[in-house]
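Fold and geometry: a report
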Amino acid sequence: MRSTIFAGLAALAASVTAIPTISAKGSKLFTSDGHQFFIKGIAYQLSPDDPLIDSTQCKLDASLMSIIGANAIRVYHVDPTGDHRGCMSTFADAGIHLFVDLDTVGTYILSDTPEWTRNQYSAYTKVVDEFQQYNNTAGFFVGNEILTNANSSIAAPYVKAAARDVKAYRDSKGYRKIPVGYSAADIPSLRPNLQNYLACGTNVSEALDFFSLNAYEWCGDSSYDLSGYSELNQNASNYNIPIFFSETGCNKPEPRTFADQAAILGDRMNPYWSGAIIYEWLAEANNYGLVSYGTPISATVSDQEKSYIRSGTPTPISPDFSNLSKQWKTLTPTGVSESAYSPALTPPSCPAYTSDVWEVNGAVALPTLGQTYDAGVRSSITAGTAAASASGKASGTAASASPSASHTGSASGGNEIAGMSAGLVVVMLGFVWWL
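Residues numbered from 1 in each chain as written. Predicted model: local features only at pLDDT ≥ 70, side-chain atom pairs only at ≥ 80, totals over all residues. Heavy atoms only, no water.

1. Brief notes about the layout of surface pockets
To find the voids left in a structure, one rolls a probe of water-molecule size over its atoms. Computed from the structure, the largest pocket encloses a volume of approximately 480 Å³. Along the wall of the largest pocket there are 24 residues; nearest its centre are K167, V204, L208, D209 and I241. Within the residue set of the lining of the largest pocket, elements represented by two or more residues are β1 (22–25) and α5 (156–172). The biggest single contributor to the lining of the largest pocket is α5, with five residues. A class-by-class count of the residues in the lining of the largest pocket yields 12 nonpolar, five polar and seven charged. (1 Å grid on protein atoms, 1.4 Å probe; cavity = no way out; pocket = protein on both sides within 12 Å on 5 of 7 lines; lining within 4 Å. Points joined across faces, edges and corners; volume = space filled by probe spheres on them. Helix = DSSP H or I, 4+ residues; strand = E, 2+ residues; numbered from the N terminus. Nonpolar A, V, L, I, M, F, W, Y, C, P; charged D, E, K, R; others polar.)

2. Regarding the confidence of the model for the protein
The predicted model of the protein has a mean per-residue pLDDT of 87, with 83% of residues at 70 or higher. Across residues 9–13 the pLDDT falls below 50, and counting only partners more than four positions away or on other chains, this stretch makes four contacts in the model. Taken together, the stretch residues 406–435 has pLDDT below 50 and engages in 61 contacts with residues farther than four places along the chain or on a different chain. (pLDDT = per-residue confidence, 0-100. Contact = heavy atoms within 4.5 Å.)

3. Notes on the state of the cysteines
As enumerated under the stated definition, the model contains three disulfides in all. In this model C219 forms its disulfide with C250; the gap between the sulfur atoms is 2.1 Å. A torsion of 100° about the S-S bond marks the disulfide between C219 and C250 as right-handed. Taken together, the positions of C219 in the loop between β8 (210–214) and α7 (229–236) and C250 in the loop between β9 (243–248) and α8 (260–264) put the pair 31 residues apart, joining distant regions of the chain. Judged by relative accessible area, C219 falls into the partly exposed class, the value being 29%. The buried category is assigned to C250, whose relative accessible area is 13%. Cysteines bonded in the protein are numbered consecutively along the chain; their disulfide partners then correspond to 1-2, 3-6, 4-5. (Disulfide = S-S within 2.5 Å. Buried < 20%, exposed > 50% of the residue type's maximum accessible area, 1.4 Å probe, protein only.)

4. Quick word on the packing of aromatic side chains
Counted under the stated rule, the structure contains 21 aromatic pairs. Here the aromatic rings of F99 and F210 are separated by 6.3 Å at their centres, their planes lie at 85°, and the arrangement is edge-to-face. One end of the pair, F99, is in strand β5 (residues 97–101); the other, F210, is in strand β8, and 111 residues separate them in sequence. Residues F99 and F210 agree in their burial class; the two are buried. Ring centres 5.7 Å apart and planes at 75° place the aromatic pair Y216 and Y288 in the edge-to-face group. Here Y216, found in the loop between β8 and α7, pairs with Y288, found in the loop between β10 (275–278) and β11 (291–292); they are 72 residues apart in sequence, far enough to count as distant. For Y288, a relative accessible area of 10% gives the class buried. Members of the aromatic cluster, joined through ring pairs, are W116, Y121, Y124, Y169 and Y175. Its guanidinium or amino end placed over the ring of Y197, K160 lies 4.4 Å from that ring's centre, counting from NZ or CZ. (Phe/Tyr/Trp six-rings, centres within 6.5 Å; stacked < 30°, edge-to-face > 60°. Lys NZ or Arg CZ within 6 Å of the ring centre and 35° of its normal.)

Next up, the structure:
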């Protein structure tokens, strides 16, 4: 019995370590075997609970994700005390990496009264401790859509401070340099300054390792120019750290065609962008899902989210699932090899204070851990310690928060799945035929 247990644990470890790791170099992401990495990802949060502890469900979902062509998932909330070995091994076997948010309900940085406390630091680093052991952990987010207007730009130094301290913790523990970044709301008036601020400065320990954007600008029968992607691309063309879409996939009008993937992963944008994460895996009331686990229990439930089944054999939603699969199958950017790439881009200037647009003046000193936010701190941020002109051009029309801005999910499904092996066979055979 003991030898069987040890053999099983060894197999789990081997499968997780077999997948190449991801690192940031200059403005690009690379695998540990030297290839540039382009994200074909899916947001994966089945409920407010941790979706990476149900190994049975992970097997069912990962098998279908590999068919659609995904190589990454994003998970918004995890429990660092949970056992993630089964799910992380399953996703590694399927060639799927993880981008995981460090914050959760109760620990995220507030936009109007920002703070960076020891409790937040402890919660974030516990997630780092848990997921750094898996080779398919590709990145950590220190926040999601914290800044949504000019007044909330006062929180930007706190986002940067969180990234600074998480990076320092990672390095002090001797962990792999898993990239640490931020997922921003697509607010045209705010975006260029925020994008530049999070990468600016001469102290690389205070800059983020990557910047990402939740953008829903490309809707329906749009184009590279009409959608605003042309200006997003212009603002990224001289950016010195990796940038990618941490959410995308506009669902109005239906059906979703995912035509923007051809732009993001195509020749015009892939020199500057590292891919995209589609929102989202499970169908909910917001109609963004790629799969369902069955017909909602009742359409008359007052809280509609509670009516959605959150576990079981995934069934593709037609034609969205097929449309995305067809897009990704035709898009195989190769980029540049790590050995042939020498970063030459320098950090952008830290944007200056601009009334009603950006309220952080230049390269202000970042908050220290546990520092109290008050009128004096706010004044020092707006007054600043350096004056630099703001750069970048606002683009697009997506001025509202994305679906994930208030994403907390619903009650987790309690259905137990029996006959996992049989279920997997049904998934594989059925959906290969369906495609």
